[in-house]
Structure formats: structure tokens, C-alpha cells
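Close look at the chain arrangement
Here is how the chains run, residue by residue.
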Amino acid sequence: MALAGKNIVIAVCGSIAAYKIASLIRLLVKAEAQVNVIMSQEATAFITPLTLSTLSKNPVLIDYYQPNTGEWNNHVEIALKADYILVAPATANTIAKMANGLCDNLLTAVYLSAKCPVLFAPAMDLDMWKHPSTQANISKLYSYGNILIPPGNGELASGLVGEGRLAEPEEILDFLVKFSTKELPLYGKRALVSAGPTYEAIDPVRFIGNHSSGKMGYAIARQLEILGADVTLVSGPSSLKAPDRVHTISVTSAAEMLNACETYFEDADIVVMSAAVADYTPVEVAAQKIKKKENEFSIQLKKTTDILATLGTKKREKQLLIGFALETNNELENAKDKLIRKNLDFIVLNSMQDKGAGFATDTNKVTIIDRSGNTNEFSLKSKEEVAKDICSIIVKLS
Ligand code: CTP
């Protein structure tokens, strides 16, 4: 999610619409953002600081200093730590102050000290909104690079009907998510990730499979989405929950996985094949359950198509193609050979000799090898952390 870990300072002004900020804070906290609230003195008449500090899980600041202790609320520090400042509801009065550089309270001092993007969501009566001075102030805010979250049209607290309603909390959240997604390093990129095992049917009840859990591929898909990419995950049978906002396609066999990957490969900018695909599949699948009549029984297998190698032959210059290698011996040599043979940009090597690496564990220990032969050995980490290491290289190469 684009807002995860972001420090959002909400500056609440004195408007009846301040009550909507309680719901907005809940939505932002759910989206894993850090929320810090500043209120104008007037805002506290509409909603209590206790409500907003409880929901945001952070103290609410109102004055330049704490009245009880005399402790200074450093407006410069608050502003510089913020990823975004959201003025909501932004009243006609505060908009006028922002437009003209007035700073007679903590809220406007924080605004003036800000270097991060500032978004403002106005709330006022219809005629105040339309007034040429308000519109001129808003034009000034545009010229400073501030971003308007437009007010809605509808019934106003005064009883009049028209433009001036504070955007709904869901709309503000949506606006913030879209805004921050555009700032992400992989915004506009499409990614394709394969994950999990494949099951090759022997008969209607049996299959050949492997112990892959899908954890590594799912962590990569999630991380690419966090970095702003539009992600398609092609997953073999896995008990993991499909990551939020990732287009997940469930497949069973290697042939189905090949089919799905080929479909999405054409439009993909980034392709990460982390699935543990079966190398062999039964020549024939019995239509009925095989009975245990024979003392010895063998199944004839044929090679599956190597999905990664197939995509490697089709790769365009600007596409990034990344593969995995799980090795037990001659690790570096084998991985380098796969990198060249399958036409990859880099390969992620897991050695089965490393404790905590490989299948069905929560951790992994990888070495990343690029086309120039550079090797980068990482320590044992959680699969989420390994996914971050892999994706930071993808960001550099994108
Ligand atoms: N791979 C694939 N399709 C296959 C087999 C493997 O896409 N049919 C991909 C895997 O997703 C992984 C990489 O190829 O990214 C390496 O898989 P691995 O099993 O280690 O290597 P193989 O090429 O199959 O070689 P070998 O089994 O001989 O080591």
C-alpha cells in the first residue's frame, strides 16, 4: 500500500466538517500510515483533541508550546519529518493565511516550514467558496505547488446546497493513495511474478509436486506493489492469501503456468520467475484412479517447457528478466550458466547448503549475480527482507 509507513501530518481547522477527520484518521491508520494531528484552537470546539489523539495513537498539538510544561512544539521539526501535510478541513480563513504567509498559530507555522507536498481539502459555505478572494487565494496556493482535494457538492451545514462540502474521508484517502503512488519508484511499470510449486497430475487423485510454499514469490509481488508497480502474480497451488491489490492468477500445472506467463509477458516491464516449476510431467494422465495391482509400477515422464528460458528468448531490450537458481553443488558456476543460458538480467541463487534457505522456510539466504558477473552475497534474512533487497536492485535497473 502506497501510504504504509508514511508520516502524514493532518492540520485540522475550525469547521463543522472537522468531525469527518476522525473517520479519515481511522482509514489512514488502517492503511499503515503514521498520523500526527495539529489543530487550530477553533478546531477544538468542533472535535476534541482526545478523540483525534486516541485514533491517531499520537499526541495532538495545538499551541507553540505545551501549556503545562512549557515544552516547545518545534514547528520546523514537525514539518520536516512529514511526508505529506494535509490541511483538512481547510477553512477560508486558514486558506487566506496560507496564501499570504501569515502564521499566528502552530498549524500555519508548520505549513510555512514544510518542504514536503501539501494537500488541502477545503470546507466552507457555498458563497465563501465562490468568493473571488477565496478563489484568488486558492490560485496562489496552486502557484506554491499545493494540491487541492476538491470539495464536494451537496447539502451544507448552513442548510444551503452547493459546492463547499469537505470531500468524504474515503475520497480523501483515495486521493492520497493515488497521489503517493505516482511518487513511487515503480509507478507506471507492469510486473509479472511466478510463485509456488506446480502439481503434475498422475491420475484424478495423485500428482507430482514439490515443497515450495510460494512465500518468496508472494513477498516479491507484495514488495513490487508497495513500490508502485501494477503486479500480476501467477501462482501454483499455495495456502498463502493473495496479496492485496495484486492481480493473482491461480494455476496448477507447469503447462498452465507457462500459458499464463506467456499471456502477461508481452506487456510486462519487470518479470520475476520464482516458481519451483516441475521439470518433468507424466506422459499420460490416467483417466481413472490407478489401482495397486502391480508389485512394481513406473510412470513415464517427459520434460516440461522451461518457462523462464522461453521468456528469455522473447525478451525485449527494455524488459527486466529475473530468475532463481536452487543449487546443491557448484552453486555459483551453475547459477552463472543459467543466467546466460536463460538470457536473464540477474539471477538469485539459493544454496541448499545454507541453513534457513530454500523451500518452506520463513527465511532465505541469497547471492545475486548480474550479467557482468558481479556477485552480491546477502546474509540470512526473512523472505520479506530478501524481497526488499531484490526489488531495490530492480528499482536501480528500471
Ligand atoms: N523455471 C521455469 N520453468 C521450468 C523450470 C524452471 O520457469 N520448467 C525457472 C524457475 O522459476 C527459476 C529458474 O527457472 O527461476 C531456475 O530453476 P531451477 O529448477 O533451479 O533450474 P533448472 O533450469 O530447472 O535447472 P536444473 O533443475 O537442472 O538445476
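What you see is a predicted model, and the numbers here were worked out from it, not measured in a lab.

Moving on, we get to the overall build of the chain. Each helix and strand counted, the chain has 13 helices and 21 strands in total. A compact globule built from 398 residues would reach a C-alpha radius of gyration of about 21 Å, whereas the chain, at 28 Å, exceeds it by more than 25%. Based on the C-alpha atoms only, the size of the chain along its principal axes is roughly 85 × 45 × 40 Å. The buried share of the chain, reckoned over its 398 residues, is 49%. In the chain, 66% of the contacts between residues at least 6 apart in sequence involve partners at least 24 apart. Total accessible area on the chain is roughly 19900 Å²; 51% of this is exposed by carbon and sulfur atoms. Counting 41 positive and 44 negative side-chain charges, the chain places the averaged centre of each group 3 Å from the other.

Along the polypeptide, Asp230 turns up in strand β11 (residues 230-235). Looking at Asp230, the relative accessible area reads 47%, which means it is partly exposed. In this view, Asp230 contacts Lys189, Arg190 and Ala191; residues no more than four positions away in its chain are not counted.

Most of strand β1 (residues 7-12) is tucked away: 6 of the 6 residues are buried. A two-sided burial pattern is seen for β1, the buried positions comprising Asn7, Val9 and Ala11 on one face and Ile8, Ile10 and Val12 on the other. In terms of strand pairing, β1 meets strand β2 (residues 34-39) through 6 bridges, oriented parallel. Bridging from a neighbouring strand, Asn7 pairs with Gln34 of β2. With helix α1 (residues 20-30) bridging β1 and the parallel β2, this β-α-β connection has right-handed handedness. Taken together, the 4 bridges between β1 and strand β3 (residues 84-90) define a ladder with parallel strand orientation.

Moving on to a nonpolar patch on the surface. A cluster of nonpolar side chains, namely Tyr280, Phe297, Ile299 and Leu301, defines an oily patch on the protein surface of about 370 Å² accessible area. Structurally, the position occupied by Leu301 is in strand β15 (residues 301-303). Residue Leu301 is classed as partly exposed on the basis of its relative accessible area, which comes to 37%.

Further remarks concern the site of the ligand. In the region of the ligand, 16 residues are neighbours, and Met273, Ala275, Phe324, Lys338 and Lys342 sit closest. Note that an oxygen atom of the ligand is positioned 2.8 Å from one of the backbone N or O atoms of Phe324. For the ligand, an oxygen atom lies 2.5 Å from a polar atom in the side chain of Lys342. Taking 570 Å² as the accessible area of the ligand by itself, protein coverage stands at 77%. Under a 2 Å grid-point criterion requiring more than half of the atoms, the pocket assigned to the ligand is the largest pocket. Every element with two or more residues in the shell around the ligand is listed here: α11 (307-314) and β16 (320-327). Residue contributions to the shell around the ligand peak at 4 residues, all from β16. For the shell around the ligand, a count of residues per class yields 9 nonpolar, 3 polar and 4 charged.

As a further point, take the layout of surface pockets. In this approach a probe as big as a water molecule rolls over the atoms, and the regions it shows empty are the leftover space. Its volume calculated, the largest pocket comes out at about 840 Å³. If you trace the largest pocket, you find 37 residues lining it, with Ala275, Ala276, Val277, Asp279 and Phe324 closest to the centre. Counting residues per element, the ones that place at least two in the lining of the largest pocket are β8 (190-195), α9 (215-226), α11, β16 and α12 (331-341).

The N-to-C vectors of α1 and helix α2 (residues 49-56) enclose an angle of 10°; their axes lie 9 Å apart at closest approach. It follows from the interaxial angle that α1 and α2 lie roughly parallel. In this structure, α1 meets α2 at a crossing whose hand is right-handed. Contacts between α1 and α2 involve Ile21, Ala22, Ile25, Arg26 and Val29 from the former and Thr51, Leu52, Leu55 and Ser56 from the latter. Per-class residue counts for the contact of α1 with α2 are 6 nonpolar, 2 polar and 1 charged.

We now examine the domain arrangement of the chain. You can read the domains of the chain as domain 1 (7-181) and domain 2 (190-282 + 301-397). Computed from C-alpha atoms alone, the centre-to-centre distance between domain 1 and domain 2 is 44 Å.

Let us now look at the environment of Lys388. Position of Lys388 relative to the elements: it lies in helix α13 (residues 383-397). Since its relative accessible area comes to 40%, Lys388 is described here as partly exposed. Sequence separation of Lys388 and Ala219 is 169 residues, and the distance between their C-alpha atoms is 8.5 Å.

Glancing now at the pattern of salt bridges. According to the stated counting rule, one finds 18 salt bridges in the structure shown. Each member of the salt-bridge network shares a partner with another, and the members are Lys20, Arg165 and Glu168.

Tracing the backbone through its elements, the reader meets Asp389 in helix α13. The class of Asp389 is buried, set by a relative accessible area of 15%. Discounting chain neighbours no more than four positions away, the residues touching Asp389 are Phe378 and Lys381.

About the criteria used
- Residues numbered from 1 in each chain as written.
- Predicted model: local features only at pLDDT ≥ 70, side-chain atom pairs only at ≥ 80, totals over all residues.
- Heavy atoms only, no water.
- Helix = DSSP H or I, 4+ residues; strand = E, 2+ residues; numbered from the N terminus.
- Rg over C-alpha atoms; globule rule 2.2 N^0.38 Å.
- Buried < 20%, exposed > 50% of the residue type's maximum accessible area, 1.4 Å probe, protein only.
- Contact = heavy atoms within 4.5 Å.
- Areas by Shrake-Rupley, 256 points an atom, 1.4 Å probe, with all protein chains shown as cover.
- Lys, Arg positive; Asp, Glu negative; His and termini not counted.
- Charge placed at Lys NZ, Arg CZ, Asp CG, Glu CD.
- Pairing = 2+ DSSP bridges.
- Right-handed = clockwise from strand over helix to strand, strands pointing away.
- Patch = residues over 30% accessible without salt bridge, like charges linked within 9 Å, V, L, I, M, F, W, Y side chains within 5 Å.
- Salt bridge = Lys/Arg side-chain N within 4 Å of Asp/Glu carboxyl O.
- Near = heavy atom within 4 Å.
- Polar contact = N/O pair within 3.5 Å; in protein donor to acceptor, adjacent residues only side chain to side chain.
- 1 Å grid on protein atoms, 1.4 Å probe; cavity = no way out; pocket = protein on both sides within 12 Å on 5 of 7 lines; lining within 4 Å.
- Sits in = over half its atoms within 2 Å of the grid points.
- Nonpolar A, V, L, I, M, F, W, Y, C, P; charged D, E, K, R; others polar.
- Points joined across faces, edges and corners; volume = space filled by probe spheres on them.
- Axes fitted to C-alpha atoms, helices over the stretch in contact; angles between N-to-C directions.
- Parallel < 35°, antiparallel > 145°, perpendicular 65-115°, else oblique.
- Left-handed = near helix turned anticlockwise from the far one by under 90°.
- Domains from an automatic or database assignment.

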